[in-house]
Amino acid sequence: ATGETVDGMPANANKPAEYGKAAANPPVGQTVEPADESVAASTLSEANESAKTGEKAAAGVNAADGTLPRVRADGSGQAMTTNQGVPVADNQSSLKAGLRGPALLKDFILREKITHFDHERIPERIVHARGSAAHGYFECHEALTELTCASLFAEAGKRTPVFVRFSTVAGERGSKDTARDVRGFAVKFYTDEGNWDLVGNNIPVFFIQDAMKFPDLVHSVKPEPHHGMPQAASAHDTFWDFISLMPESIHTIMWVMSDRGIPRSYRMMQGFGVHTFRFVNAEGQARFVKFHWNPKQGTHSHVWEEAVKISGADPDYHRRDLWEAIEAGEHPEWELGVQVFDEEQAAQFSFDVLDATKLIPEELVPVRPIGRMVLNRNPDNFFAETEQVAFCTAHVVPGIDFSNDPLLAGRIHSYVDTQLSRLGGPNFHEIPINAPLAPLHNNQRDGMHRQAIHRGRVAYEPNSLAGGCPFQAGAAGYVPFPEPVSDVELRGKPEKFAEHYNQAALFYESQTEFEQRHIVDAFSFELSKVTVPGIRKRTVAMLRNVSEPLAAAVAANLGMEELPDPLPKAHEKAIKPELTRSKHLSLTARPGETGIRTRKVAVMVAPGVDGASVDSVAQALIAKGAVVRLVGPRIALIPTAGNGHVDADASFSNSPSPLFDAVAVPNGKSAIEALCKDGKALEFVRDQFRHGKPMMAIGDARRLFEEAGIPVDRKDKGLVLPDSAGSASNDAFIKALEQHRHPERETDPPAV
Ligand code: HDD
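Note that this is a predicted model, so its numbers are computed, not measured.

## Looking at helix α5 (residues 250-257)
Next up, step 1: With 8 of 8 residues buried, α5 is to be regarded as a mostly interior element.
Next up, step 2: Those residues of α5 lying buried are Ile250, His251, Thr252, Ile253, Met254, Trp255, Val256 and Met257.

Structure follows, in structure tokens:
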């Protein structure tokens, strides 16, 4: 039935039939062919690009070509049914004795619907609850058979499907994306010899050395248990109490307090396997290996105030950024690199390679690129895929093995265990997103929610009744590296684990001046939220072992009159590090290869704007792959100075400054006059300036900057102020945007 419409959108023509006598004969549900044919068929399939979805998945490169299509569901053109497949006649009212009568218990349709709804949620992850994911593939650069027999590295050009989930750690499932935090970087490789999960972070080191301390660490950072605050934040007493009593955490803390803790995008961060793993080749020879993901998009971050404002303007900022980039065909890409070294080399280092609070400086062991990962398809369904995906460090494949890192050892148990309670039983491997592409056969049976229907009478091995099948694979199977073990049982740590400060200092000394300033600010902010003075003091005492200037600056910001004595060290003799500065640890070391692609630029418009200058800037930016939004006082068609219009698709209220990487304000006398009187426009450009963004004002627009108090006469490569629109000024603006940010304008207090 075609109903009445409002501007082409169907009204609910069946609505009157829900009331009075008409209710006894519910009409067939209204279906309306969408006016736009491209949305007509499915709302789910890859064939229909407008409804979900980016490109059609390329054959052979997506997990979707394996286990997912059989479970994809699509209701287009179908009548509604219950979960038992019974057609539902009326989905509006419960079954009652009379129109005004009591509801009846026998209404199995209401009951099924509400019961299912009541059970829709599953427990959120205890850590990394908030995350976003995408499908893609890994492509091997060259055969690595000399190093590992892992099948995904067997030949040049080999592609293996992946599903990757990025996350914050501390916040709950509905928390904001731009909290200061470590980011999870978990990759599931669906290899042809089973699933390999590389469950890493965007920071190459971890807070603690032994899994024994993980529950303590997480309890300290999560909202305090008596009042449930703060959400998605480490700036509180319990966290810093724990940290300042656990000096092994200082190296990781330095990374989290740096700009790494507030990335611009999931697409613009590195990933690390953190632990030392092993590569094992077909001859059984093993080498140690550390895994690195380096983004082609470069490594970029927010500034703190911007991150804070974004969390109000768009708490889904990173989720949206990843989704939109993939929808737009801007598929993010990372290079996988490895640091490969052997036991003898490891023994020479001043630190222990089994200690997850230490990295291996790239000067000591260079990173060798071995492949690339491309994320090219968004999930169909957030819950089915992103929420139900189960990463486990225990999921390794032949050719990949563990080291004796005690943190890793604990993780091998923890992940499987948590999936049991989160996903409700031992069959979580059958959930489509978790199912391997490699066929699986064993004698494990039954359990909650079993999907497989095992045939035959035999569920044991050895057997003769099934011809001995499934038989054990022997040397073709997963054979652990035969590391010799002979020692006494004890609790304790190796000597080298006792040195906590060398690499924290290495990290700090390797940062640029502005990055160091941000670290000082981050410590100052976090500790200012701590209410117990003793905890602040103890943290500053710890910082004195990293850098005296850092400790002094933080102490000054906290109004501490005297510096506390440095925290006593756990080891007696100083251990000399191999190096005190590395050129690989600053974010500026990786500007990326994609220029201004996907960068979001606001072009500010108001009635009377010069249409030609809008076009000139917008076209130049779009040609370079930037995302341009025309931002005005409200979403509307805005008359230009001539007789034309421009379409403002964003407003100062719905898209404030922190959501943009740069702003361009076109010429236009009356437009600028209006903007100079608009507090939101003034706030917009002030924020852009404060957050170090590239800014262009064309002709009259310079007045808006002046009105906002922006020091337009300063020497600043990020301020482009041409008299009129044109290719030279567009090029200068694009160049400023390629630098992403202009931190040299930061002052304390800020100039505007
Ligand atoms: Fe963990 C989730 C990364 C130490 C126990 N962890 C989780 C996720 C990531 C990491 C990325 C989210 C996976 C997803 O997207 O579903 N965790 C790390 C890294 C660590 C680390 C890089 C140190 C090098 N984790 C760690 C330890 C333990 C855990 C020491 C426990 C002994 N982690 C868990 C967990 C989680 C988890 C409780 C929560 C949800 C899940 O596993 O699936 O088991």
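What follows continues from the structure just given.
## Here we look at unusual backbone geometry
Generally, phi is negative for residues other than glycine and the peptide bonds are trans, each holding for most cases.
Next up, step 1: Here the amide bond leading from cysteine 469 into proline 470 is cis, since omega sits at -10°, within 30 degrees of zero.
Next up, step 2: Mapped onto the secondary structure, proline 470 falls in the loop between α10 (406-423) and α11 (502-509).
Next up, step 3: The amide bond that connects aspartate 748 to the next residue, proline 749, takes the cis arrangement and shows omega of 0°.
Next up, step 4: Relative to the assigned elements, proline 749 resides in the segment after α19 (727-738).
Next up, step 5: Unusually for a residue other than glycine, aspartate 446 sits at a positive phi of about 65°.
Next up, step 6: Among the structural elements, aspartate 446 can be located in the loop between α10 and α11.
Next up, step 7: With relative accessibility at 55%, the residue aspartate 446 sits in the exposed group.
Next up, step 8: Even without glycine at this site, histidine 740 takes up a positive phi of about 70°.
Next up, step 9: Relative accessible area serves as the criterion here: at 9%, histidine 740 is assigned to the buried category.

## Looking at the UniProt feature "binding site: heme" (unreviewed entry) in the protein
Next up, step 1: As annotated in UniProt, the feature "binding site: heme" (unreviewed entry) corresponds to Arg125, Arg165, Phe214, Arg411, Tyr415 and Arg422 in the numbering used here.
Next up, step 2: Note on placement: arginine 125 falls in the loop between α2 (108-118) and β3 (131-140).
Next up, step 3: Owing to a relative accessible area of 9%, arginine 125 belongs among the buried residues under this scheme.
Next up, step 4: Among all residues touching arginine 125, those that are not within four sequence positions of it are Arg165, Thr386, Glu387, Val389 and Arg422.
Next up, step 5: Looking at the element boundaries, tyrosine 415 is found in helix α10.
Next up, step 6: Look at tyrosine 415 and you get partly exposed, because its relative accessible area is 22%.
Next up, step 7: When sequence neighbours within four positions are dropped, the list of residues in contact with tyrosine 415 reads Val199, Phe391, Cys392 and Thr393.
Next up, step 8: A distance of 2.8 Å separates polar atoms of two side chains, one belonging to tyrosine 415 and the other to arginine 411.

## Description of the nonpolar core
Proteins that are soluble and globular tend to have nonpolar side chains buried together.
Next up, step 1: Core analysis: the largest hydrophobic core is formed by 55 residues, its most contacted members being Phe207, Trp240, Met254, Phe523 and Leu550.
Next up, step 2: When residues of this core are traced back to their parent elements, those giving at least two are α3 (214-221), α4 (237-245), α5, α11, α12 (513-528), α13 (533-543) and α14 (548-557).
Next up, step 3: The next biggest cluster of nonpolar side chains, apart from the first, holds 54 residues, and it includes Tyr317, Ala606, Ala664 and Ala708.

Parameters at a glance
Residues numbered from 1 in each chain as written. Predicted model: local features only at pLDDT ≥ 70, side-chain atom pairs only at ≥ 80, totals over all residues. Heavy atoms only, no water. Buried < 20%, exposed > 50% of the residue type's maximum accessible area, 1.4 Å probe, protein only. Helix = DSSP H or I, 4+ residues; strand = E, 2+ residues; numbered from the N terminus. UniProt positions renumbered as here; feature names shortened; annotations may be inferred. Contact = heavy atoms within 4.5 Å. Polar contact = N/O pair within 3.5 Å; in protein donor to acceptor, adjacent residues only side chain to side chain. Core = buried A, V, L, I, M, F, W, Y, C linked by side-chain atoms within 4.5 Å.

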